[in-house]
Amino acid sequence: QLELVESGGGLVQAGGSLMLSCAASGRTFSTYTKAWFRQAPGQEREFVAAISWSGARTYYADSVKGRFTISRNNSKNSVSLQMNSLKPEDTAVYYCAAKPDSLVTMDRSRYGYWGQGTQVTVSS
């Protein structure tokens, strides 16, 4: 069983930065495709960013492209999301997700492992 735990959320002013981290336990995480999703109140969970198992390929939602950076550290069994130039519309609960194959996808139904989420609030 793979367990994911996010950390790093909080309250920040617009234009500020936060780094989210997701630590995995229970099994080796290194060969899994990993992603970040977010869910704002009253809205569906949406794709934010994804990274291949090697880190060679990354994908971003258009809304965060150029501001967010996903990275992974396989030796530490973790994945991170650096968020810069934050906007109030980035306010949401952010979830780490993983899937045990190499297909990098924005489709949340393909991810079988999820963390509990961490709140990010951006004030204007």
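In this report, the structure presented in the accompanying data block is examined.

What counts, and at which threshold
Every chain is numbered independently, its residues counted from 1 as its sequence is written. pLDDT decides what is reported in this predicted model: residues at 70 or higher carry local features, side-chain atom pairs at 80 or more are listed and counted, and totals for whole chains, interfaces and linings draw on all residues regardless. As a convention, hydrogens and water are excluded, and side-chain values are obtained from all of the structure's heavy atoms. The classification of residues rests on relative accessible area computed with a 1.4 Å probe and restricted to protein chains. Under 20% of the type maximum is buried, over 50% is exposed, and intermediate values are partly exposed. Secondary structure elements are defined from DSSP: runs of H or I of at least 4 residues count as helices, runs of E of at least 2 residues count as strands, and each element is numbered from the N terminus. At least two DSSP bridges between two strands are needed for those strands to be called paired. Whenever a pair of cysteine sulfur atoms sits within 2.5 Å, that pair is classed as a disulfide. Pairs were defined over the aromatic rings of Phe, Tyr and Trp, the Trp ring being its six-membered one, requiring ring centres within 6.5 Å. Orientation was assigned from the angle between planes: stacked under 30 degrees, edge-to-face over 60, tilted for the rest. When the NZ atom of lysine or the CZ atom of arginine is within 6 Å of a ring's centre and also within 35 degrees of its normal, the charge is said to sit over that ring. N or O atoms closer than or at 3.5 Å make up a polar contact, with two conditions inside protein: a donor-capable atom paired with an acceptor-capable one, and, for residues adjacent in sequence, both atoms drawn from side chains. Note on definitions: a residue-residue contact is assigned when non-hydrogen atoms from the two residues lie within 4.5 Å.

Concerning the pairing of strand β3 (residues 18-25)
Reasoning step 1: Every second residue of β3 is oriented toward a common face, the buried set being Leu-18, Leu-20, Cys-22 and Ala-24 and the non-buried set Met-19, Ser-21, Ala-23 and Ser-25.
Reasoning step 2: Bridge count between strand β1 (residues 3-7) and β3: five bridges; the pairing is antiparallel. The partner of Val-5 across the bridge, within β3, is Ala-23.
Reasoning step 3: Note that β3 and strand β8 (residues 78-83) share six bridges and pair antiparallel. Looking at β8, one finds that Leu-20 is bridged to Leu-81.

Description of the state of the cysteines
Reasoning step 1: The tally for this structure, following the rule as stated, stands at one disulfide.
Reasoning step 2: The partner cysteine of Cys-22 in its disulfide is Cys-96, sulfur to sulfur 2.1 Å. With the S-S bond torsion at -80°, the cross-link from Cys-22 to Cys-96 turns out left-handed. Of this pair, Cys-22 sits in strand β3 while Cys-96 is found in strand β9 (residues 92-99), placing the two residues 74 residues apart along the sequence. Residues Cys-22 and Cys-96 agree in their burial class; the two are buried.

Topic: the packing of aromatic side chains
What characterises a pair of aromatic rings is the spacing of the ring centres plus the angle enclosed by the ring planes.
Reasoning step 1: As enumerated under the stated definition, the model contains five aromatic pairs in all.
Reasoning step 2: A ring pair is formed by Phe-37 and Tyr-111, whose centres lie 5.4 Å apart and whose planes are at 70°; its orientation type is edge-to-face. Of the two residues, Phe-37 is situated in strand β4 (residues 33-39) and Tyr-111 in the loop between β9 and β10 (113-114); the sequence distance between them amounts to 74 residues. Across the pair, exposure class does not vary: Phe-37 and Tyr-111 are buried alike.
Reasoning step 3: Aromatic rings pair up to connect Phe-37, Phe-47, Tyr-95, Tyr-111 and Trp-114 into one cluster.
Reasoning step 4: When the ring centre of Trp-114 is taken as reference, the NZ or CZ atom of Arg-45 above it lies at 4.9 Å.

Some words on the side chain of Arg-38
Reasoning step 1: Locating Arg-38 in the fold gives a position in strand β4.
Reasoning step 2: Within the structure, the side chain of Arg-38 is placed 2.6 Å from the side chain of Glu-46, a separation counted as a polar contact.
Reasoning step 3: Here Ser-63 takes part through its side chain, which lies 3.5 Å from a polar atom of the side chain of Arg-38.
Reasoning step 4: Discounting chain neighbours no more than four positions away, the residues touching Arg-38 are Glu-44, Arg-45, Glu-46, Val-48, Ser-63, Val-64, Phe-68, Glu-89, Asp-90, Ala-92, Val-93 and Tyr-94.

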